[in-house]
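Architecture and fold: a report
So the chains spell out like this:
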Amino acid sequence: MSTVKVVIVDDHPVVRDGLRGMFAGDDRFTVLGEAGDGREALAVTDAVGPDVVLMDLRMPVMDGVTTIRELKARGSAARVLVLTTYDTDSDVLPAIKAGATGYLLKDTPREELFRAVLAAHRGESVLSPAVAGRLMGQLRSPAKEPLSHREIEVLTLIARGCGNREAAQRLFISEATVKTHLLHAYAKLGVRDRAAAVATAIEQGLIRRD
């Protein structure tokens with residue numbers, strides 16, 4: 001049976017050495033090369049044509065997400081398995097959207113990592129439990145619709161002490177329209193009254209009180 005050809009991408013030499021040693025001890029894998037940043041990863045991948053690229057995310061010169069996106073744009077057949085320390089939404093979601101086949105954390109046990117690389121080679125999605133939980137949470141609680149420009153204007157005036165009538169006069173709209181914009185803002189922010197709407201909008205950096 002042919003081995004799975006792997007390229008290791010991580011900006012820490014110690015991590016690369018450790019991973020290379022792990023895979024060298026298992027005859028199911030062959031490490032064809034390694035890279036310390038995204039730009040090197042593109043060059044190495046183009047040169048050796050691996051089956052699976054183990055990709056760190058936060059690297060100098062070119063980060064992991066940009067590298068994944070560029071590999072896909074170049075038509076690379078390599079599967080990308082993210083192996084990183086970070087499991088925040090700002091890391092996970094962009095990597096998956098860019099085209100990563102899987103996403104694991106660096107504390108993943110050796111045998112689980114091996115199984116993940118084999119699965120990625122078969123085209124199967126592989127996610128650590130923490131990452132899978134985050135993605136399920138995103139599906140169950142989709143992002144709320146952003147406030148419109150007019151809703152932000154109304155909330156800004158309310159935050160400065162204007163009542164509905166004064167806000168209507170300043171914006172040259174009817175008082176009823178102001179109330180409608182407020183109701184829409186309440187729904188989008190997940191609140192029930194103007195005080196909570198103002199507080200939430202300020203907290204999220206959508207408006208300023210002054």
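This text follows the structure it describes.
The structure displayed is predicted, hence computed values, not measured ones. Numbering of residues begins from 1 in every chain and follows the order in which that chain's sequence is written. This being a predicted model, a pLDDT of at least 70 is required before a residue's local features are given, and a value of 80 or more before pairs of side-chain atoms are given or counted; all residues contribute to the totals for chains, interfaces and linings. Note that water and hydrogens are dropped before the side-chain values are worked out from all heavy atoms of the structure.

Re the pattern of salt bridges
What makes a salt bridge here is a side-chain nitrogen of Lys or Arg within 4 Å of a carboxyl oxygen of Asp or Glu, nothing more. Considering all chains together, one arrives at 14 salt bridges under this definition. With a closest N to O distance of 3.7 Å, Asp56 and Lys106 form a salt bridge. A residue pair is termed long-range when its members are at least 10 positions apart, and Asp56 in the loop between strand S3 (52-55) and helix H3 (64-73) and Lys106 in the loop between strand S5 (102-105) and helix H5 (110-121) qualify at 50 residues. Accessibility here uses a 1.4 Å probe with only protein chains present; expressed as a share of the type maximum, an area under 20% marks a residue as buried, one over 50% as exposed, and anything in between as partly exposed. Overall, the relative accessible area of 3% leaves Asp56 in the buried class. Residue Lys106 is classed as partly exposed on the basis of its relative accessible area of 31%. A salt bridge links Glu175 to Arg165; the shortest N-O distance between them is 3.8 Å. In this pair, Glu175 sits in helix H9 (residues 175-189) while Arg165 sits in helix H8 (residues 164-171), placing the two residues 10 residues apart along the sequence. Secondary structure elements follow DSSP: runs of H or I no shorter than four residues count as helices, runs of E no shorter than two count as strands, and numbering proceeds from the N terminus.

A few points about the sheet that holds strand S6 (residues 126-127)
Taken in spatial order, the 6 strands line up as S2-S1-S3-S4-S5-S6 in an open sheet, and their pairing is parallel. Two strands lie at the open edges of the sheet, namely strand S2 (29-35) and S6, each paired on one side alone. Looking at chain direction, S5 and S6 are connected through 2 bridges and run parallel. Its bridge partner lying in S6, Tyr103 is registered against Leu127. In the packing of helix H1 (residues 13-24) onto the sheet, the strands contacted are strand S1 (4-9), S2, S3 and strand S4 (79-84), and the crossing angle to S2 comes to about 165°. The criterion used for residue contact is that any of the two residues' heavy atoms lie within 4.5 Å. Simply put, an axis is a line fit to the C-alpha atoms, just over the touching stretch for a helix, and the angle between two N-to-C directions goes from 0 to 180 degrees. Packed onto the sheet, H5 meets S1, S2, S3, S4, S5 and S6 and runs at close to 155° relative to S4. Only strands joined by at least two bridges in the DSSP assignment are considered to pair.

Some points on the pairing of S5
On S5, burial covers both faces: Gly102 and Leu104 on one face and Tyr103 and Leu105 on the other are all buried. Where S4 lies against S5, 4 bridges are found, and the strand directions are parallel. For Val82, the partnering residue across the bridge sits in S5 and is Tyr103. A right-handed crossover is one whose linking path, passing over the helix from the first strand to the second, runs clockwise when the strands point away from the viewer. The handedness of the S5 to S6 crossover, carried by H5, is left-handed.

Some details on the side chain of Thr156
Along the chain, Thr156 falls in helix H7 (residues 149-159). By the criterion applied in these results, polar contacts are pairs of N or O atoms within 3.5 Å in which, for protein atoms, one can donate a hydrogen and the other can accept it, and in which residues neighboring in sequence qualify only through two side-chain atoms. Within the structure, the side chain of Thr156 is placed 2.7 Å from the backbone oxygen of Ile152, a separation counted as a polar contact. Setting aside its immediate chain neighbours within four residues, Thr156 contacts Ile207 and Arg208.

Notes on the packing of helix H2 (residues 38-48) against H3
For any two helices packed against each other, one specifies the crossing angle of their axes together with the interaxial distance. Packing of H2 against H3 leaves a shortest axis separation of 9 Å and a crossing angle of 30°. Judged on the interaxial angle alone, H3 and H2 are roughly parallel. H3 is crossed by H2, and the crossing has right-handed handedness. Facing Gly38, Ala41, Leu42 and Thr45 of H2, the residues of H3 in contact are Thr67, Glu70 and Leu71. Classifying every residue of the contact of H2 with H3 by side-chain character gives 3 nonpolar, 3 polar and 1 charged. Here the word oblique covers every angle except those under 35 degrees (roughly parallel), over 145 (roughly antiparallel) and from 65 to 115 (roughly perpendicular). Definitions for this section: a left-handed crossing has its near helix turned counterclockwise from the far helix by less than a right angle. A right-handed crossing has that turn clockwise. Polarity classes work like this: nonpolar for Ala, Val, Leu, Ile, Met, Phe, Trp, Tyr, Cys and Pro, charged for Asp, Glu, Lys and Arg, and polar for all others, with Gly in that last group.

A look at empty space enclosed by the protein
Cavities and pockets are defined on a 1 Å grid built over the protein atoms alone: a cavity is a set of grid points where a 1.4 Å probe fits but cannot escape, while a pocket is an open set with protein on both sides within 12 Å along at least five of seven lines, and lining residues are those with an atom within 4 Å of any such point. Grid points are joined across faces, edges and corners, and a volume is the space filled by probe spheres set on the points. For the structure shown, the criterion picks out 1 cavity of 30 Å³ or more. Here the largest cavity is characterised by a volume of approximately 40 Å³. If you list the elements that add at least two residues to the lining of the largest cavity, you get S1, H1 and S3.

Here's the deal with the packing of aromatic side chains
Here a pair means two rings of Phe, Tyr or Trp (six-membered ring of Trp) with centres within 6.5 Å. Their orientation is stacked below 30 degrees between planes, edge-to-face above 60, and tilted elsewhere. Taken as a whole, this structure holds 3 aromatic pairs when the rule is applied. Summarising the aromatic geometry, the rings of Phe23 and Phe29 are spaced 5.0 Å apart at their centres and angled 80° between planes, so their arrangement reads as edge-to-face. Assigned by exposure class, Phe23 and Phe29 land together as buried. Between Phe23 and Phe114, the aromatic rings sit 5.2 Å apart at their centres with planes inclined by 50°, giving tilted as the arrangement. Of this pair, Phe23 sits in helix H1 while Phe114 is found in helix H5, placing the two residues 91 residues apart along the sequence. Under the relative-accessibility criterion, Phe114 is labelled buried at 2%. Whether a charge sits over a ring comes down to the Lys NZ or Arg CZ being within 6 Å of the ring centre and within 35 degrees of the ring normal. The positively charged end of Arg58 is found above the aromatic ring belonging to Tyr86, 3.6 Å away from the centroid.

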